[in-house]
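Structural overview
These are the residues of each chain, in order.
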Amino acid sequence: MPATRKINREIQEDDLNQMKNLFQTNAMSAPVQEEEPVQKTPQAANVIRDDSKDISDTKIGVRLTTAKKNELKAYFISHGVTVSQGVIDAYELLRKFETEGKVAYKDGILNIL
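Residues numbered from 1 in each chain as written. Predicted model: local features only at pLDDT ≥ 70, side-chain atom pairs only at ≥ 80, totals over all residues. Heavy atoms only, no water.

When its secondary structure is counted, the chain shows three helices and two strands. Its helices and strands taken in sequence order, the chain reads α-α-α-β-β from the N to the C terminus. Counting all 113 residues of the chain, 3% fall into the buried class. A total of about 12,300 Å² of accessible surface is found on the chain, and carbon and sulfur atoms cover 54% of it. (Helix = DSSP H or I, 4+ residues; strand = E, 2+ residues; numbered from the N terminus. Buried < 20%, exposed > 50% of the residue type's maximum accessible area, 1.4 Å probe, protein only. Areas by Shrake-Rupley, 256 points an atom, 1.4 Å probe, with all protein chains shown as cover.)

Spelled out as structure tokens, the structure:
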């Protein structure tokens, strides 16, 4: 016996009326909002952005246990950075250390030299 069972049901008039009421278009006036002056706060001086770079929607997936994922998120959040930016920073740092000969990957294991 399958885990789920399909229930065949004929459409009733009540069902159609309910759907019509839910999706019926009523002409409504847009809510009136009072304009308030917008005060822009200056960005922090240590934030450096290069808006000329292209940003793609490529996603990178990493398999982690929920506990490890939460630990990773908590670590980066506690340091005031998103997980994505933290991973990018960690990658850049590892590349720099590898060029300087301080770390190396061997057989899938990161070794500190």
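Residues other than glycine seldom take positive phi values, yet Asp 107 does so here, at roughly 55°. Mapped onto the elements of the fold, Asp 107 is located in the loop between β1 (103–106) and β2 (109–112). Accessibility expressed as a relative area gives 73% for Asp 107, which makes it exposed.

Turning our attention to a nonpolar patch on the surface. Taken together, the side chains of Ile 60, Val 62, Leu 64 and Leu 72 present a nonpolar region at the surface, about 410 Å² in accessible area. Examined against the element boundaries, Val 62 turns out to sit in the loop between α1 (13–23) and α2 (66–78). For Val 62, a relative accessible area of 61% translates into the label exposed. (Patch = residues over 30% accessible without salt bridge, like charges linked within 9 Å, V, L, I, M, F, W, Y side chains within 5 Å. Salt bridge = Lys/Arg side-chain N within 4 Å of Asp/Glu carboxyl O.)

A few words now on helix α3 (residues 83–99). Between the first and last C-alpha of α3 there are 24 Å, a value that for 17 residues agrees with the 24 Å anticipated at 1.5 Å per step. In the segment just after α3, Gly 101 is the residue with positive phi, at about 80°. (Expected span 1.5 Å × (residues − 1).)

What follows covers the packing of aromatic side chains. As enumerated under the stated definition, the model contains one aromatic pair in all. For the pair Tyr 75 and Phe 76, a centre-to-centre distance of 5.4 Å together with 75° between the ring planes defines the contact as edge-to-face. Take Tyr 75: its relative accessible area is 48%, and that puts it in the partly exposed class. (Phe/Tyr/Trp six-rings, centres within 6.5 Å; stacked < 30°, edge-to-face > 60°.)

A few words on α2. Taking 1.5 Å per residue as the helical rise, α2 with its 13 residues ought to reach 18 Å, and the 18 Å between its terminal C-alpha atoms agrees with that figure. Downstream of α2 by one or two residues, Gly 80 has phi in the positive range, about 75°.

With that settled, consider the confidence of the model for the chain. Mean pLDDT over the chain works out to 76, with 65% of the residues at or above the 70 mark. Of all helices and strands in the chain, the one with the weakest mean pLDDT is α1 (71), whereas α2 scores best (91). (pLDDT = per-residue confidence, 0-100.)

Moving on to the pairing of β2. Here four bridges tie β1 to β2, and the two strands are oriented antiparallel to one another. Bridge pairing in β2 places Tyr 105 opposite Leu 110. The antiparallel hairpin formed by β1 and β2 contains two residues in its connecting segment, where Asp 107 sits at a positive phi of about 55°. (Pairing = 2+ DSSP bridges.)

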